[in-house]
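Structure at a glance
Below, each chain spelled out in residue letters.
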Amino acid sequence: MQGGLMSEGLRKAWVNRTAVVGSIILVIMVLSAALAPWIVKTDPAEIDLASRLLPPAWSPNGSAEHLLGTDHLGRDVLSRILFGGRISLFVGLVTTILALGLGTILGMLAGYFKGRLEIIMRLADVQQSFPFIALALVLVAAVGPGVKTTVLVLGIGGWVTFARVVQGQVLSEREREYIEAAMSLGARSPRILIHHILPNIASPIIVLASFAFAWMIVVEASLSFLGFGVQPPQSTWGLMLSESRDYMQIAWWLPTFPGLAIMMTVLGANLLGDWLRDVLDPRL
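Residues numbered from 1 in each chain as written. Predicted model: local features only at pLDDT ≥ 70, side-chain atom pairs only at ≥ 80, totals over all residues. Heavy atoms only, no water.

This paragraph deals with the overall build of the protein chain. Of regular secondary structure, the protein chain possesses 12 helices and 0 strands. Burial analysis of the protein chain (284 residues in total) assigns 45% to the buried set. Long-range pairs, those at least 24 residues apart, make up 72% of the contacts in the protein chain with a sequence separation of at least 6. Entry remark: accessible area of the protein chain is about 14700 Å², with carbon and sulfur atoms responsible for 67%. Positive and negative side-chain charges in the protein chain, numbering 20 and 19 respectively, have mean positions lying 7 Å apart. (Helix = DSSP H or I, 4+ residues; strand = E, 2+ residues; numbered from the N terminus. Buried < 20%, exposed > 50% of the residue type's maximum accessible area, 1.4 Å probe, protein only. Contact = heavy atoms within 4.5 Å. Areas by Shrake-Rupley, 256 points an atom, 1.4 Å probe, with all protein chains shown as cover. Lys, Arg positive; Asp, Glu negative; His and termini not counted. Charge placed at Lys NZ, Arg CZ, Asp CG, Glu CD.)

This model, assessed by the stated rule, comprises 1 cavity of 30 Å³ or more. By volume, the largest cavity is sized at about 60 Å³. Mapped onto the lining of the largest cavity, the elements with two or more residues apiece are helix H4 (77–112) and helix H11 (237–243). Within the lining of the largest cavity, the residues separate by chemical class into 3 nonpolar, 2 polar and 3 charged. (1 Å grid on protein atoms, 1.4 Å probe; cavity = no way out; pocket = protein on both sides within 12 Å on 5 of 7 lines; lining within 4 Å. Points joined across faces, edges and corners; volume = space filled by probe spheres on them. Nonpolar A, V, L, I, M, F, W, Y, C, P; charged D, E, K, R; others polar.)

As structure tokens, then:
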């Protein structure tokens, strides 16, 4: 049944402009980051003060060597965007996987065993009572900024949404006849959870993961913008926005291009998520 829905959804994707546009955007962003060493030859950390604040190549004073211009230290903007995209996309993907895995496991346990593990959802209530970015800022400040810290903090901090969705799905599936039949045949709880319940609740988890990926990109950019995320000399889109604050009036390209990179990635993920929701939800 699930395979049939996916096949039908893939067939409709070719006539669904939302799915096509979202997929193309994400493919372009991922391939651009993955192939960065072959697309640009300039080191993103190379400083050239003689070439500082050069406008894009199509501007009157632009240079063909720097297609999107340079920043206040003479570093190539295109190179920094492509190599910075590697870190931004990596953080978004890994944190989503961590949040998905942790939230799915805890949500399934809380839903299947009900009151016996109700403390899991009470912990979720406590964590959700704090603004997510504020909580992330506190944890990063306590541990120290960096890529590993950002991944760990966002991954652990993002489990609540997955856990709540999964718990609700498991509570519904647990009362169905096929679960009662499996129990009557002597199936143990781990087998029921992994082989029976999980495949039937995978659809909303996949859809939620696509939206969570976009959200993690934004949160990582926010932390880096505030100075609590990835640190120089590494580059991410959020850090580029932070470094461009003092030059917005004289160098419009510095905040524009990394901002567009964030916007296009989030847009592509959200469009793809909308399509996945339509494909994987039989009610739609």
